[in-house]
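Fold and contact review
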Amino acid sequence: MAEQATTEKKQRIFSAIQPTGVFTLGNYIGAIRNWDTLQKEYECIYAIADLHAITVKQEPKDLRANSLRAFALMLACGMDPKRSITFMQSQNPNHAELSWILSCSTMFGELSRMTQFKDKSQRHADNINAGLFTYPVLMAADILAYNADLVPIGADQKQHLELARNIAIRFNQRFGETFTVPDGYFPKQGARLMSLQDPTKKMSKSDENANACVFILDDKDTILRKFKRAVTDSDTVVAYREGKDGINNLMTIYSAVTGKSYEEIEREFDGKGYGDFKIAVGEAVADHLEPVRTEYARLSADKQYLLDCMKTGSEQAYRITRKTLSKVYRKVGFLDR
Ligand code: TRP
């Protein structure tokens, strides 16, 4: 009979972010600012996925700088190395090691069906390397090595998570219960932000129009400028209405950073025009992001602290994953060292 659990064990969350680019306001509002709550309710493990980054060409000195920046940004956004495990993926060799073993339980056909592989091989036609192809296996290793219960991911990573689940299930069936089969974690309050230049499109960091997207390290002047130039319709009344995509998007953003409801916003700007509203949204966003920018500047000035945090984090990560790997080695039939 099933045993009654006497102590409530926290569920474990694993996620990773590639060290490319700075987070957008959309990432921040949709996911990152909830990290604090996440760390209270779950055991969180977060990595900077530098091994994944080299599946596309990287200039070594840029990769090094971007990795350090991504790590600092992760801490500045509230991942707390005292409460969670924060580390660089390349500093824990167990990820790459498990990836090899899992690749022998992954079919060529499955990997060929990954839409991100197909997209990326088109975009980088001169560099369709084997790592780009086996990228999802490494991602499965990242997750399964920790026996993570939940994995916060964006929509573009759903197919990869599905593959990780299938690999876990298949391995468990063949070798006996080994891995936790992970689920996706999708935050509830995921307001979807639209481009400031074309509010029918999603706000994206890769938009060619620099004014379309707000980055969380943008300074106040830049933020104000982007909102002043935001594309809206020819009406003048600040109100949330079907078809007024530009104003609706600004209202969503203003509501997300001030906590005000649409009705409250409509009342606040009653009799005022779009111009005043755009300035108010810009100011509110700049104020909301100010603590992150300040913390990022503070952390960036203390490289030694960042390196120390990485070291501690990778040691913790190593210990957890080594246990999984020893078990896996036994299950597949390797001799003891
Ligand atoms: N592939 C993910 C991305 O580009 C990053 C990533 C690597 C990841 N390993 C992971 C995300 C494990 C979740 C779990 O967004």
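None of the values given here were measured: they were computed from a predicted structure.

Conventions adopted
- Residues numbered from 1 in each chain as written.
- Predicted model: local features only at pLDDT ≥ 70, side-chain atom pairs only at ≥ 80, totals over all residues.
- Heavy atoms only, no water.
- Domains from an automatic or database assignment.
- Contact = heavy atoms within 4.5 Å.
- Buried area = accessible area lost by both parts, 1.4 Å probe.
- Salt bridge = Lys/Arg side-chain N within 4 Å of Asp/Glu carboxyl O.
- Polar contact = N/O pair within 3.5 Å; in protein donor to acceptor, adjacent residues only side chain to side chain.
- Helix = DSSP H or I, 4+ residues; strand = E, 2+ residues; numbered from the N terminus.
- Nonpolar A, V, L, I, M, F, W, Y, C, P; charged D, E, K, R; others polar.
- Phe/Tyr/Trp six-rings, centres within 6.5 Å; stacked < 30°, edge-to-face > 60°.
- Buried < 20%, exposed > 50% of the residue type's maximum accessible area, 1.4 Å probe, protein only.

**What to know about the domain arrangement of the chain**
By domain assignment, the chain separates into domain 1 (12–190 + 302–332) and domain 2 (220–297). On a C-alpha basis, the centroid separation for the pair domain 1 and domain 2 is 34 Å. On the domain 2 side, the residues contacting the 9 residues of domain 1 number 10 residues. When the buried area of domain 1 at its contact with domain 2 is split by residue, L25, Y28 and A76 rank highest and sum to 53% of it. Run the count over domain 1 and domain 2 and you get 0 salt bridges. Where domain 1 meets domain 2, there are 1 residue pair in polar contact (both at pLDDT 80 or more). Breaking the side of domain 1 that touches domain 2 down by element, the ones donating at least two residues are α1 (25–30) and α4 (60–76). The element that contributes the greatest number of residues to the side of domain 1 that touches domain 2 is α4, accounting for 4 residues. Here the side of domain 1 that touches domain 2 is built from residues that sort into 7 nonpolar, no polar and 2 charged.

**Some thoughts on the packing of aromatic side chains**
In total, this model carries 14 aromatic pairs according to the counting rule given. Considering the side-chain rings of F117 and F133, the 4.9 Å spacing of their centres and the 70 degrees angle between planes classify their relative orientation as edge-to-face. Of this pair, F117 sits in helix α7 (residues 115–123) while F133 sits in helix α8 (residues 130–144), and the two are 16 residues apart along the sequence. Assigned by exposure class, F117 and F133 land together as buried. Residues Y254 and F269 carry aromatic rings whose centres are separated by 5.8 Å and whose planes lie at 75 degrees to one another, so their mutual orientation is edge-to-face. Of this pair, Y254 sits in helix α11 (residues 245–258) while F269 is found in the loop between α12 (262–268) and α13 (274–300), placing the two residues 15 residues apart along the sequence. Its relative accessible area of 5% is what places Y254 among the buried residues.

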